[in-house]
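Examination of the molecular architecture
Residues per chain, in single letters:
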Amino acid sequence: GESVGLHLPTLSVQEGDNSIINCAYSNSASDYFIWYKQESGKGPQFIIDIRSNMDKRQGQRVTVLLNKTVKHLSLQIAATQPGDSAVYFCAEKPDNYGQNFVFGPGTRLSVLP
Amino acid sequence: DAGITQSPRHKVTETGTPVTLRCHQTENHRYMYWYRQDPGHGLRLIHYSYGVKDTDKGEVSDGYSVSRSKTEDFLLTLESATSSQTSVYFCAISDGGRNNSPLHFGNGTRLTVT
């Protein structure tokens, strides 16, 4: 597979536990945020998004929290499963007109049996 | 999965040769993007398109050109490949713009320049 995750921080969790993956974003003017999951050899897969007028959004087994005061985004995965093992990264959109999302380098999630 | 096909999936080429990567979408989305992904870096935007024949540069556009002659196809060309362009290239699509919507990615092309 691709070696895109060579130097990533790693989070190891036990199967069935909850996972929390964090992301610090850079631009206080960013108004839209996305979490992606990337498995080896595949492209990033959209998980969940949130707009800056919200501080929490829930999906299926996932919750995204946005703290604009400290420019922090987190992804919570409930009841983590082996299939959740992947690299997760956040993306921010610095303004409402541009097209250049800014992507974080990611965190590798390893689910232990 | 979003209907995005990248070709080829793998390519090895020599320094100085031209290379073209293709992205084909079946979603009729207005916006198409080319990103590169390298170890230790987040995805970085090379070029994007906001319509047929309408393109703009991204963060790392030097050494790359793009063309979009049809809504469904977005081509990335390396006119004279260099070893620094060894990377994994991802195409993405979006129907957004001012209305925020997520990017959806293809499965990438791994390019090795020897």
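Residues numbered from 1 in each chain as written. Chains lettered and ligands numbered in written order. Predicted model: local features only at pLDDT ≥ 70, side-chain atom pairs only at ≥ 80, totals over all residues. Heavy atoms only, no water.

Some details on the interface of chain A and chain B
- If you look at the interface, chain A gives 26 residues, while chain B gives 27 residues.
- Counting the surface lost from both chain A and chain B, the interface buries some 2,200 Å², and carbon and sulfur atoms represent 53% of this.
- Applying the counting rule to chain A against chain B returns six residue pairs in polar contact (both at pLDDT 80 or more).
- Those elements giving two or more residues to the side of chain A that touches chain B turn out to be β3 (32-38), β4 (45-51) and β8 (86-93) of chain A.
- No other element matches β3 of chain A, which puts four residues into the side of chain A that touches chain B.
- Split by residue class, the side of chain A that touches chain B holds eleven nonpolar, nine polar and six charged. (Contact = heavy atoms within 4.5 Å. Buried area = accessible area lost by both parts, 1.4 Å probe. Polar contact = N/O pair within 3.5 Å; in protein donor to acceptor, adjacent residues only side chain to side chain. Helix = DSSP H or I, 4+ residues; strand = E, 2+ residues; numbered from the N terminus. Nonpolar A, V, L, I, M, F, W, Y, C, P; charged D, E, K, R; others polar.)

Re unusual backbone geometry
- A cis amide bond links S7 of chain B with the next residue in sequence, P8 of chain B, at an omega value of -10°.
- Mapped onto the elements, P8 of chain B comes out in the loop between β1 (4-7) and β2 (10-13).

Thoughts on the pattern of salt bridges
Residue and element names in this part refer to chain B.
- Applying the stated criterion across every chain yields a total of seven salt bridges over all chains.
- As a salt-bridge pair, D73 and R22 come within 3.2 Å of each other at their nearest N and O atoms. Here D73 is found in strand β8 (residues 73-78), whereas its partner R22 is found in strand β3 (residues 19-25), with 51 residues between them in sequence.
- Judged by relative accessible area, D73 falls into the buried class, the value being 10%.
- Among the residues examined, R22 registers a relative accessible area of 35% and is labelled partly exposed. (Salt bridge = Lys/Arg side-chain N within 4 Å of Asp/Glu carboxyl O. Buried < 20%, exposed > 50% of the residue type's maximum accessible area, 1.4 Å probe, protein only.)

Topic: the state of the cysteines
Residues and elements named next belong to chain A.
- One pass over the full model with this rule turns up two disulfides over all chains.
- Through a disulfide, C23 is tied to C90; the S-S separation comes to 1.6 Å. Taken together, the positions of C23 in strand β2 (residues 19-24) and C90 in strand β8 put the pair 67 residues apart, joining distant regions of the chain. Judged on exposure class, the residue C23 and its partner C90 are both buried. (Disulfide = S-S within 2.5 Å.)

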